[in-house]
Amino acid sequence: MKAVTWQGKRDVRVEDVPDPRIEEPTDAVIRVTSTGLCGSDLHLYEVLTPFMTPGDILGHEPMGVVEEVGPEVPDLRPGDRVVVPFQIACGHCFMCDTGLPTQCETTQVTGEGMGAALFGYTRLYGAVPGGQAEYLRVPQAQFGPIKVPEGPPDDRFVYLSDVLPTAWQAVEYAAVPPGGTLAVLGLGPIGDMACRIARARGAERVFGVDLVPERLARAQRRGVETYDLRAFDDEKELVHAIREVTGGRGPDAVIDAVGTEAHGSAAAKLAQTATAMMPRKLSGPLAERFSVDRLGALYMAIDLVRRGGTISLSGVYGGMADPMPMLTLFDKQIQLRMGQANVRRWTDRIIPFLTDEDPLGVDDFATHRLPLADAPHAYEMFQRKQDGAVKVLMQP
């Protein structure tokens, strides 16, 4: 089959790889019909290269049709249409029972000290072949796949794999009070969708911050009060502008939907770049113990949120030696929540929004739809923020 493989920094290729097969009684194999390109994939493309191996199959936002199931998968049949969550979880361990499938004790990558295995996301998360491929082996298929009805196009449901539950959890963790205010830093797919969900769930005002014109325009069309970072001399000036319209206090909650590749943070960017260029035998151990993030977005969130407010992190961070302003966090009494989205915890609450009325705008959420063969171009375009690329879907 054809699959998108990682070969090095900014080097992905579509190659022939072996077809997946049933390996465990709880496996399924699906034929992929749509698969997303996620901002998290760009971290692999650029920053997290020390944890990658040439030939790794990328992608964690697939949906498709069941081709084959193992004998211990009672609720799936060949021909079922399913969305596959990005995390792999059993559904019956202590962590899954407490609503934390990202910490699943059956699939935890204990050798790396990490949580549940993820599709297509570095050796830290199990090096499981990902979903940017023609076919996908789905472990723990007795729990993971989400059956969806025939009829509507893939766009209606594919975001249940990642975008929708990640944005939903970001808003849930933000704990915006009734009639409250929320700022979202970064209006890529997760930030954009978090704004839509927050408004649908009753936030009084939602402020969106970015520096890409197309992203700002998309959010503004859906009632978000947007702030272009480029229009301010520095971030302090932007923080002051949002405080001015929130009674001088700042918003009740802030979602950081940017993560480790924040704009600015030149020293951290240099460190990330240097690590990525080292031989893998050196860069991996160094990154595990001494890696740093570009923390511009997180520092802005800490400065921006009102005293006693909440910061919700949905952007991916990977640093092990990040400096944190503990005095400010403590003094402002900030609540900080974060983590990979617990997909199946939220999907039953999200599905009622996926109607023909389309209140979250999923049907036209993708800006680009490309064949899987064009994956190298898709990665480059998305990484460079070219041609208005906000969300890319690929079809094998």
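What you see is a predicted model; the values in this text were computed from it and never measured. (Residues numbered from 1 in each chain as written. Predicted model: local features only at pLDDT ≥ 70, side-chain atom pairs only at ≥ 80, totals over all residues. Heavy atoms only, no water.)

## Focus on the pattern of salt bridges
And then number 1: The full count for this structure, using the stated rule, is 23 salt bridges.
And then number 2: Arg 205 is paired through a salt bridge with Glu 225; the nearest N and O atoms lie 2.8 Å apart. Separated by 20 residues along the polypeptide, Arg 205 in strand β9 (residues 205-210) and Glu 225 in strand β10 (residues 225-228) bring together distant segments of the chain.
And then number 3: For the salt bridge of Asp 228 with Arg 230, the shortest nitrogen-to-oxygen distance reads 2.6 Å.
And then number 4: Here Asp 228 falls in the partly exposed class, since its relative accessible area comes to 21%.
And then number 5: Residue classification places Arg 230 among the exposed positions, given a relative accessible area of 53%.
And then number 6: Each of the salt bridges in this network shares a partner with another, and the network as a whole consists of Glu 23, Asp 27 and Arg 137. (Salt bridge = Lys/Arg side-chain N within 4 Å of Asp/Glu carboxyl O. Helix = DSSP H or I, 4+ residues; strand = E, 2+ residues; numbered from the N terminus. Buried < 20%, exposed > 50% of the residue type's maximum accessible area, 1.4 Å probe, protein only.)

## Regarding the environment of Gly 388
And then number 1: Its place among the elements puts Gly 388 in the loop between α12 (375-384) and β15 (392-395).
And then number 2: Overall, Gly 388 belongs to the buried group, its relative accessible area being 16%.
And then number 3: Taking C-alpha positions, Gly 388 is 8.8 Å from His 368, a pair spaced 20 residues apart along the chain.
And then number 4: Filtering out sequence-adjacent residues up to four positions away, Gly 388 remains in contact with Glu 214, Thr 367 and His 368. (Contact = heavy atoms within 4.5 Å.)

## A few points about helix α1 (residues 39-46)
And then number 1: A large share of α1 lies buried, amounting to 7 of its 8 residues.
And then number 2: Listing the buried residues of α1 in full gives Ser 40, Asp 41, Leu 42, His 43, Leu 44, Tyr 45 and Glu 46.

## Re the packing of aromatic side chains
And then number 1: Per the counting criterion, the structure on display carries 6 aromatic pairs.
And then number 2: Judged by centre distance (5.2 Å) and plane angle (75 degrees), the rings of Tyr 159 and Phe 365 are edge-to-face. Within this pair, whereas Tyr 159 is found in the loop between β7 (146-147) and α3 (163-174), its partner Phe 365 is found in the loop between α11 (343-350) and β14 (368-371), the two being separated by 206 residues in sequence.
And then number 3: On the accessibility criterion, Phe 365 (0% relative accessible area) is buried.
And then number 4: Among the aromatic residues, ring-to-ring pairing joins Phe 207, Tyr 227 and Phe 232 into one connected group.
And then number 5: Taking the ring centre of Phe 365 as reference, the NZ or CZ of Arg 218 above it sits at 4.9 Å.
And then number 6: Lying across the ring of Tyr 173, Arg 337 places its NZ or CZ 3.9 Å from the centre. (Phe/Tyr/Trp six-rings, centres within 6.5 Å; stacked < 30°, edge-to-face > 60°. Lys NZ or Arg CZ within 6 Å of the ring centre and 35° of its normal.)

## So, α3
And then number 1: Between its first and last C-alpha atoms α3 spans 16 Å; for 12 residues at 1.5 Å apiece the expected length is 16 Å, and the two agree.
And then number 2: Contact partners of the buried residues in α3: β8 (181-185), α4 (189-200), β11 (253-256), β12 (310-313), β13 (335-338) and α11.
And then number 3: Ala 175, located one to two residues past α3, shows a positive phi value of around 50 degrees. (Expected span 1.5 Å × (residues − 1).)

## Regarding the state of the cysteines
And then number 1: Scanning the entire structure with this criterion turns up 0 disulfides.
And then number 2: Cys 93 takes part in no disulfide bond, and the closest cysteine sulfur, belonging to Cys 96, lies 3.7 Å away. (Disulfide = S-S within 2.5 Å.)

## Some details on the packing of α3 against α4
And then number 1: Closest axis-to-axis distance for the α3/α4 pair is 8 Å, and the angle between their directions is 60 degrees. On the basis of the axis angle, α3 is oblique to α4. As for the relative orientation of α3 and α4, their crossing is right-handed in sense. Of α4, the residues touching α3 (which contributes Val 163, Leu 164, Thr 166, Ala 167, Trp 168 and Val 171) are Pro 189, Ile 190, Met 193, Ala 194, Ile 197 and Ala 198. (Axes fitted to C-alpha atoms, helices over the stretch in contact; angles between N-to-C directions. Parallel < 35°, antiparallel > 145°, perpendicular 65-115°, else oblique. Left-handed = near helix turned anticlockwise from the far one by under 90°.)

## Description of the sheet that holds β13
And then number 1: Taken in spatial order, the 6 strands make up an open sheet running β10-β9-β8-β11-β12-β13, and their pairing is parallel. In this open sheet, the two edge strands, each paired with only one partner strand, are β10 and β13. Each neighbouring strand pair of the sheet contributes to a mean axis angle of 20 degrees, computed without reference to strand direction.
And then number 2: Summarising the sheet, β9 and β10 pair through 4 bridges and their orientation is parallel. Paired with Gly 208 across the strands is Thr 226, a residue of β10. (Pairing = 2+ DSSP bridges.)

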